[in-house]
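These are the residues of each chain, in order.
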Amino acid sequence: MTEPPFRRVVVIGAGLMGTSVALALRRFGVEVLLEDADPGNLRVAVSLGAGVPVTPGDAPRAEQADLVVVGVPPAALGTVIADALARFPSAVVTDLGSVKAAALADTRAHAPAGAGLDRYVGGHPMAGSEQSGPLAARADLFDGRAWAVTPHADSRPDAVAAVERLARTCGALPVQLSPGEHDEAVALVSHLPQVASTVVAGLLTTAAEGHLVLAGQGLRDVTRIAGGDPDLWTQILSANAEPVARLLHEAADNLHRVAHTLEKRDAAEAGLADLRNSLERGATGVRRLPGKHGAQPEAFSAVPVLLPDQPGELARLFADVGAAGVNIEDVRIDHSPNTPAGLVELWVHQDTVPALLEALAHHGWDVHG
Ligand SMILES: NC(=O)c1ccc[n+]([C@@H]2O[C@H](COP(=O)([O-])OP(=O)(O)OC[C@H]3O[C@@H](n4cnc5c(N)ncnc54)[C@H](O)[C@@H]3O)[C@@H](O)[C@H]2O)c1
Ligand SMILES: O=C(O)C(=O)C[C@]1(C(=O)O)C=C[C@@H](O)C=C1
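Conventions used here
Residues numbered from 1 in each chain as written. Chains lettered and ligands numbered in written order. Predicted model: local features only at pLDDT ≥ 70, side-chain atom pairs only at ≥ 80, totals over all residues. Heavy atoms only, no water. Helix = DSSP H or I, 4+ residues; strand = E, 2+ residues; numbered from the N terminus. Buried < 20%, exposed > 50% of the residue type's maximum accessible area, 1.4 Å probe, protein only. Contact = heavy atoms within 4.5 Å. Areas by Shrake-Rupley, 256 points an atom, 1.4 Å probe, with all protein chains shown as cover. Lys, Arg positive; Asp, Glu negative; His and termini not counted. Charge placed at Lys NZ, Arg CZ, Asp CG, Glu CD. Pairing = 2+ DSSP bridges. Axes fitted to C-alpha atoms, helices over the stretch in contact; angles between N-to-C directions. Near = heavy atom within 4 Å. Polar contact = N/O pair within 3.5 Å; in protein donor to acceptor, adjacent residues only side chain to side chain. Nonpolar A, V, L, I, M, F, W, Y, C, P; charged D, E, K, R; others polar. Parallel < 35°, antiparallel > 145°, perpendicular 65-115°, else oblique. Left-handed = near helix turned anticlockwise from the far one by under 90°. Salt bridge = Lys/Arg side-chain N within 4 Å of Asp/Glu carboxyl O. pLDDT = per-residue confidence, 0-100. Right-handed = clockwise from strand over helix to strand, strands pointing away. Phe/Tyr/Trp six-rings, centres within 6.5 Å; stacked < 30°, edge-to-face > 60°.

The number of helices and strands found in the protein is 14 helices and twelve strands. If one aligns the C-alpha atoms of the protein with their principal axes, the spans along those axes are about 70 × 55 × 40 Å. Taken over 369 residues, the protein has a buried fraction of 38%. Put simply, of all contacts in the protein between residues at least 6 apart along the chain, 72% involve residues at least 24 apart. As presented, the protein carries roughly 19,600 Å² of accessible surface, and 58% of it is formed by carbon and sulfur atoms. Once the 28 positive and 44 negative side-chain charges of the protein are each reduced to a mean point, those two points are 3 Å apart.

Next up, the structure:
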């Protein structure tokens, strides 16, 4: 049997992220010890098979951990990381926090001289959910996702290597960045989208019920992350305030431009060209996003299939696609209200579309559009 990638890992903060890391490590037989300030969350994580709780009698065993993963909310990171460096003197310490420069500054502020800050390397898996707590945790949460690894000037190379190994063991792709560079990047790819989603979803609070019934997948795609924990997001956004505020001003300028264009009735042609340019710019931006495992997004196509709302239909569709030798890269399901059918978008590699269409026709599936 191959050696587990780590002998013993302590996870502090057994919520959504910490428990997901623990479950991912358990797949490889890693011994995981869990701690959480909330006994209820700890109990749930243990019952999910994420690890065993650290009891006071376990201290000597826990001290021999080779890695400590801190999965607590951003405002608590500095104290908990500094405390972990002191309590686990031979372990590499990493965290899962969404903002890295503030976590490092807080850790420096709380770690006494000689605390072993060279054993700390920041981390940030670019995967998550709008849900919180261990019940939402998944062992496969990180599969194919990027995992930012953010060493500071004094981080030891073996500590960096251990955090990259953690990312790979969890199925993710480690990407090394400085803490500042990371925060600039996530301001655009994570924090701005969160605020945009929140602002759009906020407008729904005053919408007429009769209008909301028309909500389709577009609105759901744009607003899913607005359901995230407001306490967590207050901490994330305030810890990365400057770059996020800068981008919000830029986005607001662009929104104003579109609004003014729509209001201009006299210069209709110039206005339409401006509007088209804004829409074209968005389409160009979205094409720049890498696909699964960093592949070019153009490599995948969506094939929409109408699915009768009956037990077993989704399984039958997947089985037919699998039997045709076509790999499904991603799936989206749109449920229309008051309709006994759903629309399933099968995302597959472009080269496999003809084989997929043939198999779907052969099995009598209703391919839409
Ligand atoms: N939610 C996401 O999508 C996501 C994605 C990537 C990274 N992150 C980051 O991961 C971290 C955890 O987020 P989450 O979504 O798992 O939150 P969560 O609320 O699901 O879990 C946090 C856990 O930490 C525990 N906790 C709080 N303070 C503690 C302390 N001082 N000591 C021990 N335990 C403590 C809580 O009881 C809770 O169980 C955050 O720093 C967040 O920025 C979140
Ligand atoms: O909810 C999701 O799907 C997410 O992946 C959340 C997301 C993101 O913006 O990508 C949100 C914050 C985190 O720090 C990392 C991941």
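This paragraph deals with the sheet that holds strand β8 (residues 173–176). Strand order across the open sheet formed by three strands is β6-β7-β8, with mixed pairing between neighbours. Pairing within the sheet leaves two strands with one partner each, and these edge strands are β6 (122–125) and β8. Direction aside, the axes of adjacent strands within the sheet are offset by 25 degrees on average. Two strands pair when backbone bridges link them, and β6 and strand β7 (residues 146–150) are joined in this way by four bridges, in the antiparallel orientation. Residue pairing in the sheet places proline 125 in a bridge with tryptophan 147 of β7.

This part covers the site of ligand 2. In the vicinity of ligand 2, the residues found are Ser98, His124, Pro125, Ala127, Gly128, Ser129, Glu130, Ser190, Arg224, Ile225 and Trp233. Between histidine 124 and ligand 2, the recorded distance is 2.6 Å, taken from a side-chain N or O atom to an oxygen atom. Within the complex, the protein chains bury 82% of what would otherwise be the 370 Å² of accessible surface of ligand 2. Tallied by class, the residues present in the shell around ligand 2 amount to four nonpolar, five polar and two charged.

Now for helix α1 (residues 16–26). Buried residues dominate α1, accounting for ten of its eleven residues. Buried within α1 we find Leu16, Met17, Gly18, Thr19, Ser20, Val21, Ala22, Leu23, Ala24 and Leu25.

When two helices pack together, their arrangement is captured by the angle between the axes and the distance separating the axes. With their axes 11 Å apart at the nearest point, helix α7 (residues 179–203) and helix α10 (residues 230–239) run at an angle of 125 degrees to one another. Considering the angle they form, α7 stands oblique to α10. The two elements α7 and α10 meet at a crossing, and its hand is left-handed. Residues Ser190, His191, Gln194 and Val195 of α7 form the contact with α10, whose participating residues are Trp233, Ile236 and Leu237. Split into classes, the residues belonging to the contact of α7 with α10 amount to four nonpolar, three polar and no charged.

Of all residues adjacent to ligand 1, which total 27 residues, the nearest are Asp36, Asn41, Val72, Ser98 and Gly133. Backbone polar atom of leucine 16 to an oxygen atom of ligand 1: 2.9 Å apart, as the coordinates give it. Aspartate 36 is positioned such that a nitrogen or oxygen atom in its side chain is 2.6 Å from an oxygen atom of ligand 1. Across the complex, the protein chains shield 83% of the 830 Å² of accessible surface that ligand 1 would expose by itself. Going through the elements one at a time, α1, β6 and α10 are the ones with two or more residues in the shell around ligand 1. In the shell around ligand 1, the residues fall into 14 nonpolar, eleven polar and two charged.

Our focus in this paragraph is the pattern of salt bridges. Evaluation of the coordinates by the stated rule reveals 15 salt bridges. Across the salt bridge formed by glutamate 35 and arginine 87, the nearest N and O atoms sit 2.4 Å from each other. Of this pair, glutamate 35 sits in strand β2 (residues 31–35) while arginine 87 sits in helix α4 (residues 77–87), and the two are 52 residues apart along the sequence. Here glutamate 280 makes a salt bridge to arginine 276, at a shortest N to O gap of 3.1 Å. Here glutamate 280 and its partner arginine 276 are both found in helix α12 (residues 268–287), four residues apart, which amounts to about one turn of the helix. One network of salt bridges, with partners in common, ties together Glu35, Asp83 and Arg87.

A few words on the confidence of the model for the protein. Scored by pLDDT, the protein has a mean of 92; 95% of the residues are at 70 or more. With pTM at 0.86, the complex prediction returns an ipTM value of 0.98.

For strand β1 (residues 8–12), the tally of buried residues reaches five of five residues, placing the bulk of the element in the interior. The side-chain alternation of β1 yields two buried faces, one formed by Arg8, Val10 and Ile12 and the other by Val9 and Val11. Relative to β2, β1 is paired through five bridges, and the arrangement is parallel. Of the residues in β2, the one forming a bridge with isoleucine 12 is glutamate 35. Viewed along the sheet, the connection from β1 through α1 into β2 turns out right-handed. The sheet contact formed by β1 and strand β4 (residues 67–70) spans four bridges and is parallel. Opposite valine 9, over in β4, you have leucine 67 as the bridge partner.

The subject of this paragraph is the packing of aromatic side chains. What describes a pair of aromatic rings is the distance from one ring centre to the other and the angle between the planes of the rings. Applying the stated criterion across every chain yields a total of one aromatic pair. Consider the rings of phenylalanine 142 and tryptophan 147, whose centres lie 5.2 Å apart with planes at 55 degrees: the pair is tilted. By the burial criterion, phenylalanine 142 is buried, and tryptophan 147 matches it.

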